Amino acid sequence: MRLFAVGLSHRTAPIELRERVDFSRLGLSDALEALARRNIAREMAILSTCNRSEVYVASDADRTVEGLFEFFAEYHDVPAADVTPHLYVHHGADAARHLLRVAAGLDSLVVGEPQILGQVKSAYAVASDANFTGTILNRLFHVAFTAGKRVRSETGLGEGAVSVSYAAIALAKKIFGDLSGLEVLVLGAGEMAKLTAIHLKAQQVRRMTIASRTRTSAERLASHVSGEVVDWMNLGGAIERADILLTATGAPQAIITRADLARVMKTRRGRALFVIDIAVPRDVEPDAGAVDQVFLYNIDDLQGIVKENLARRTAELERADAIIAEETARFAAWLQSRHVIPTVVALRERFESIRKAELQRLRPKLSALPPEAQAQVDHVTRLIVEKLLLSPTEQLKSLGDHSLAATYTDALNRLFSLPSPGERDEEPVVAGKRTSS
């Protein structure tokens, strides 16, 4: 069987198309069932995230790639002309290398992001639990888990904030240390405000309060982060209570002045206020940061941190790529052995059957020989077979090129009429169960 990976990602397809071919909308189990019914693969797994949709299969079908292309289009009811140009294909060791890079976060929109490894594990769990995986994909995904963990533990690729929202959290930790027990006030309820609020919630802050000129938007975000809502007209008291002030409104001009913060800070008895202004245009007057115990950072400050951390991660890519190359080589050697060894075994069995058949045919003539001589004939003919097979066996096992090894094994299968690979492999998987072909 051969390994294939077919899919599209943020590197090859716009978000509009990625949304249309999102396998997770109807559930990965349903997608796997639909793929199994097409009988184009023996093992299969589907990885579907906001940035990629990929199918991994082990198959010996003649039209595997074409069948997967059709599956992408027909399952999602998208014209083939719209989706096919954006699909990429990897097979053999290249397919393995691709998944290992994905699991390690090297193919992510933000290099080194940690969430993807968990998503790869979830995709495998769905396929494995439904019996859609077998020897090849089981080995592949566990190698991917190992590679992902090694990249995280042996390189600094995952260190440092690489998004504005993460940078904001990192800065807050530098000022306050542990964020649990702090009070956060969020001005605005848009996407940036929501993302940063979610990250703050993950830090287990004591209370989160949301304020927006549109109260329904504030209530929606507050429910998402288990927060409270404060009226826009009561911001003064809310700022006075807050430890962290996050501003991300769409106001055309500053809504918080230096005078506002100076007035608030008089009542705080020296308690620090961390202000994160990620709005464009800025929500807070730039000179407000000069007020004593006010720590003001705008989006440019945070983006500088992001760029610095991205540069640091880039420096770690060489080490990460070396880990991926090492793990890929191990898997490729194992995968190649699965193609080569059955052919070697079948070839030896064919030669041995011929040897025994010939000895049986000559048995009347050999029967006149003493038992010791008959045993010697058997021994010598076995040595001849071994010597004849020694060179092709070593050559096949030492081939580093997967496609060349496949060509050689196919030639041997044809020349010596060996059993087909399908007759030597396990039975195919159809709708989650192994059945006879």
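What counts, and where the lines are drawn
- Residues numbered from 1 in each chain as written.
- Predicted model: local features only at pLDDT ≥ 70, side-chain atom pairs only at ≥ 80, totals over all residues.
- Heavy atoms only, no water.
- Helix = DSSP H or I, 4+ residues; strand = E, 2+ residues; numbered from the N terminus.
- Buried < 20%, exposed > 50% of the residue type's maximum accessible area, 1.4 Å probe, protein only.
- Contact = heavy atoms within 4.5 Å.
- Areas by Shrake-Rupley, 256 points an atom, 1.4 Å probe, with all protein chains shown as cover.
- Lys, Arg positive; Asp, Glu negative; His and termini not counted.
- Charge placed at Lys NZ, Arg CZ, Asp CG, Glu CD.
- Pairing = 2+ DSSP bridges.
- Axes fitted to C-alpha atoms, helices over the stretch in contact; angles between N-to-C directions.
- Right-handed = clockwise from strand over helix to strand, strands pointing away.
- Parallel < 35°, antiparallel > 145°, perpendicular 65-115°, else oblique.
- Left-handed = near helix turned anticlockwise from the far one by under 90°.
- pLDDT = per-residue confidence, 0-100.
- Polar contact = N/O pair within 3.5 Å; in protein donor to acceptor, adjacent residues only side chain to side chain.
- Phe/Tyr/Trp six-rings, centres within 6.5 Å; stacked < 30°, edge-to-face > 60°.
- Lys NZ or Arg CZ within 6 Å of the ring centre and 35° of its normal.
- Salt bridge = Lys/Arg side-chain N within 4 Å of Asp/Glu carboxyl O.

Enquirer: What exactly am I supposed to notice about the overall build of the chain here?
Expert: Each helix and strand counted, the chain has 17 helices and 12 strands in total. Oriented by its inertia axes, the alpha-carbon framework of the chain measures out at about 120 × 45 × 35 Å. A total of 437 residues make up the chain; the buried ones form 45% of that total. For the chain, the share of sequence-separated contacts (at least 6 apart) that also reach a separation of at least 24 residues comes to 71%. Summing over all exposed atoms, the chain offers an accessible surface of approximately 21700 Å²; the carbon and sulfur share of this is 53%. Here the chain contributes 54 positively and 55 negatively charged side chains, and the mean placements of these two sets differ by 3 Å.

Enquirer: How should the side chain of T328 be read in this particular structure?
Expert: Of note, T328 is situated in helix 13 (residues 299-361). Of the residues examined, T328 reaches a relative accessible area of 9% and is grouped as buried.

Enquirer: Would you mind going over the sheet that holds strand 3 (residues 52-59) with me for this structure?
Expert: Consider a sheet: its strands pair through backbone hydrogen bonds, and that pairing is either parallel or antiparallel. On the basis of which strands lie adjacent, the open sheet formed by 4 strands has the order 2-3-1-4 and antiparallel pairing. For this open sheet the edge positions go to strand 2 (43-49) and strand 4 (88-91), each flanked by a neighbour on one side alone. Sheet twist, expressed as the mean angle between neighbouring strand axes with direction ignored, is 15°. Where strand 1 (residues 2-9) and strand 3 come together, 8 bridges link them in antiparallel fashion. Residue F4 lies in a different strand from strand 3, and its bridge partner there is V57. Sheet strands in contact with helix 7 (residues 135-154) are strand 1, strand 2 and strand 3, and its direction is about 35° off that of strand 2.

Enquirer: Which parts of the structure should I look at to understand the pairing of strand 8 (residues 244-247)?
Expert: The side chains of a regular strand alternate, residue by residue, between the two faces of the sheet. In strand 8, alternate side chains face the same way, and those of I244 and L246 on one face and L245 and T247 on the other are all buried. With respect to chirality, the unit in which strand 8 leads through helix 12 (residues 258-265) into the neighbouring parallel strand 9 (residues 273-277) is right-handed.

Enquirer: Honestly, the packing of helix 2 (residues 28-36) against helix 6 (residues 115-129) in this entry has me stumped. Any pointers?
Expert: The description of two helices packed together rests on the angle between their axes and the distance between the axes. Where helix 2 contacts helix 6, the two axes come as close as 10 Å, and the packing angle between them is 55°. The angle between helix 2 and helix 6 falls in the class oblique. Once helix 2 is placed against helix 6, the crossing between them reads as right-handed. Between helix 2 and helix 6, the contacting residues are L28, S29 and L32 on the first element and A123, V126 and A127 on the second.

Enquirer: Any chance you could explain the confidence of the model for the chain here in plain terms?
Expert: Detailed reading of the predicted coordinates is not advisable wherever pLDDT is low. The predicted model of the chain averages 87 in pLDDT, with 92% of residues at 70 or higher. Per-element averaging of pLDDT across the chain places strand 11 (residues 429-430) at the bottom with 44 and helix 3 (residues 64-75) at the top with 97.

Enquirer: Looking at this structure, I do not really get the side chain of H10. What am I missing?
Expert: Here H10 shows up in the loop between strand 1 and helix 1 (15-20). A relative accessible area of 18% means that H10 is categorised as buried. Among the polar contacts made by the side chain of H10, one reaches the main-chain carbonyl oxygen of D107 at a distance of 3.4 Å. If we skip the residues at most four places from it in the chain, H10 touches R18, N51, R52, D107, S108 and L109.

Enquirer: How should I be thinking about unusual backbone geometry in this particular structure?
Expert: One can expect most non-glycine residues to show negative phi and most peptide bonds to be in trans. With a phi angle near 55°, D77 is a residue other than glycine that sits in the positive phi range. At S226, a position not held by glycine, the phi torsion is positive, near 55°. Note that S226 resides in the loop between helix 10 (215-224) and strand 7 (228-229).

Enquirer: Even after reading the chapter, I still don't get the packing of aromatic side chains, so can you show me in this structure?
Expert: In this description, a pair of aromatic rings is defined by centroid distance and the angle of the planes. Applying the stated criterion across every chain yields a total of 12 aromatic pairs. Ring centres of Y124 and F141 lie 5.3 Å apart, and the angle between their planes is 25°; on these two criteria the pair is classed as stacked. Residue Y124 is located in helix 6, and its partner F141 is located in helix 7; the two are separated by 17 residues in the primary sequence. Each member of the pair, Y124 as well as F141, carries the same accessibility label: buried. Aromatic rings pair up to connect F23, F71, F72 and Y75 into one cluster. In this structure, K121 is placed above the aromatic ring of F145, and the distance from its NZ or CZ to the ring centre is 5.9 Å.

Enquirer: How should the pattern of salt bridges be read in this particular structure?
Expert: Pairing is possible between side chains of opposite charge, provided their charged atoms come close. A complete count under the given rule lists 28 salt bridges for this structure. Taking the shortest distance from any N to any O, the salt bridge between E154 and R150 comes out at 2.9 Å. Taken together, the residues span about one helical turn, with E154 and R150 both in helix 7 at a distance of 4 residues. On the accessibility criterion, E154 (36% relative accessible area) is partly exposed. For R150, a relative accessible area of 16% puts it in the buried group. Of the charged contacts in the structure, one is a salt bridge between R355 and D378, with a shortest N-O distance of 3.0 Å. One end of the pair, R355, is in helix 13; the other, D378, is in helix 15 (residues 371-398), with 23 residues separating them in the sequence. Residue D378 is classed as partly exposed on the basis of its relative accessible area, which comes to 26%.

Enquirer: Hey, could you run me through the sheet that holds strand 8 in this one?
Expert: As summarised here, the arrangement of the 6 strands in space is 7-6-5-8-9-10, forming an open sheet in which the pairing is parallel. The open sheet has two edge strands with one neighbour each: strand 7 and strand 10 (294-298). Here strand 6 (residues 207-211) runs beside strand 7; their pairing, made up of 2 bridges, is parallel. Counted as the bridge partner of I210 is V229 from strand 7.

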